[in-house]
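A structural walkthrough
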Amino acid sequence: MSAPSQTAVRLDQASVEVGGRTIWSGVDLCIQAGEFVAVLGPNGVGKSTMIKVLLGLLPLQAGRAEVLGRPPGEVGSEIGYLPQRRSFDAALRIRGVDLVRLGLDGERWGLPLPRLRRDPARLARRHQVDEVIALVEASAYARKPIGELSGGEQQRLLIAQALVRQPRLLLLDEPLDSLDLPNQAAVAALVARICREMQMTVLLVAHDVNPILGYLDRVVYLGRGGAAIGTPAEVVTTATLSRLYDAPVEVLTTSDGRLVVVGHPEAPAHHSDRHAH
């Protein structure tokens, strides 16, 4: 068996089209195993589209994509995926632990027969679920109905669901969206810790770089049709964003270290229209 590729994600001159419109083109990207990378940019530039390409749900119009050394769509359980935030009805009675277990054995979902309750394989799966719940620090409330939990608690359990098969690559689509600032900071710190402790590659789509800025290895900033890739200090700058948008853009740093973008594009720290689609 060959050794795992040290390159987790690669795009070579990649272009993608949706509904006859080119979303981005000529994108080169190489993410190494164990890196924590954020995909940034305003609405409509194709951040979630990049996730769909890597999952094999959307073909490239041109160029080449590779995920964990294979074409997209051929990686299976080696990818953990958290889609854009779902809302749970307050009356939903399914427990958090059951939600996490769906990520492991959803195809076998149902009440176990009495004689199978002590089946060694089933007990091992239960232990695996308990371990990942402890990893995201959700043990105290995992057996409560998911509809009764706060947004931050729900998000931790959804991350646990994405992690339960122990993937090599974790794709998170707007995991901080709709959370308050304390929960944004807590979830960002959690994802960074998981990335380091499990040597897992993380690609996270976000509007606002600030909650995750201190944890990132690199960022991919998507603009109109193109991308800038590098460390946060290299990419989120006046010169780089002005070039990317072909318009005057100024990046300011506040006294507490937050970034504010002034100019035509939507700023990473200001998102008044983030839910307008």
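Heads up: the structure comes first, above all this text.
Let us look at the structure shown here.

1. Notes on helix α5 (residues 181-197)
With 17 residues, α5 ought to run about 24 Å at 1.5 Å a step, and its terminal C-alpha atoms sit 24 Å apart, in line with that. For α5, the set of buried residues is Q184, V187, A188, L190, V191, A192, I194 and C195. Measuring from the side-chain oxygen of the N-cap residue of α5 to the backbone nitrogen of N183 gives 2.9 Å; that N-cap residue is D180. Phi turns positive one or two residues past the end of α5, at Q199, with a value near 50°.

2. Side note on the sheet that holds strand β4 (residues 62-67)
With respect to topology, three strands assemble into an open sheet ordered β2-β1-β4, the strand pairing being antiparallel. With partners counted over all chains shown, the strands left at the sheet margins are β2 (21-32) and β4, one partner each. This sheet shows a mean twist of 20° between the axes of neighbouring strands, independent of strand direction. By the bridge criterion, eight bridges tie strand β1 (residues 7-18) to β2 in an arrangement that is antiparallel. From the neighbouring strand, V16 faces β2, where its bridge partner is W24.

3. Details of the side chain of S15
Mapping S15 onto the fold places it in strand β1. According to the relative accessible area criterion, S15 is buried, its value standing at 10%. Here G26 takes part through its backbone nitrogen, which lies 3.2 Å from a polar atom of the side chain of S15. Residues contacting S15, with those up to four places away along its chain left out, are W24, S25, G26, L60, Q61 and A62.

4. Some words on the sheet that holds strand β7 (residues 201-205)
Each strand in a sheet pairs with another by means of backbone hydrogen bonds, the pair being arranged parallel or else antiparallel. If you trace the six strands from one edge of the open sheet to the other, you get β5-β6-β7-β3-β8-β9, paired in mixed fashion. Among the strands making up the open sheet, the edge pair consists of β5 (79-82) and β9 (227-230). Strand-to-strand, the axes of this sheet are offset by a mean angle of 15°, without reference to chain direction. When strand β6 (residues 169-173) meets β7, the two strands line up parallel, connected through five bridges. Following the sheet pairing, D173 is matched in β7 by V205. Sheet contacts for helix α4 (residues 151-163): β5 and β6; angle to β5, the most-contacted strand, approximately 155°. Seen against the sheet, helix α7 (residues 238-245) touches β8 (218-222) and β9 and runs at an angle of roughly 35° to β8.

5. Some words on the pattern of salt bridges
Scanning the entire structure with this criterion turns up 13 salt bridges. Two residues, R218 and E35, come together in a salt bridge whose shortest N-O distance is 2.7 Å. In this pair, R218 is assigned in strand β8 and E35 in the loop between β2 and β3 (36-40), connecting sequence segments 183 residues apart. The closest approach of N and O atoms between R70 and E78, which form a salt bridge, is 2.5 Å. One continuous salt-bridge network, built from bridges that share partners, spans E137, R156, R193 and E197.

Parameters at a glance
Residues numbered from 1 in each chain as written. Predicted model: local features only at pLDDT ≥ 70, side-chain atom pairs only at ≥ 80, totals over all residues. Heavy atoms only, no water. Helix = DSSP H or I, 4+ residues; strand = E, 2+ residues; numbered from the N terminus. Expected span 1.5 Å × (residues − 1). Buried < 20%, exposed > 50% of the residue type's maximum accessible area, 1.4 Å probe, protein only. Polar contact = N/O pair within 3.5 Å; in protein donor to acceptor, adjacent residues only side chain to side chain. Pairing = 2+ DSSP bridges. Axes fitted to C-alpha atoms, helices over the stretch in contact; angles between N-to-C directions. Contact = heavy atoms within 4.5 Å. Salt bridge = Lys/Arg side-chain N within 4 Å of Asp/Glu carboxyl O.

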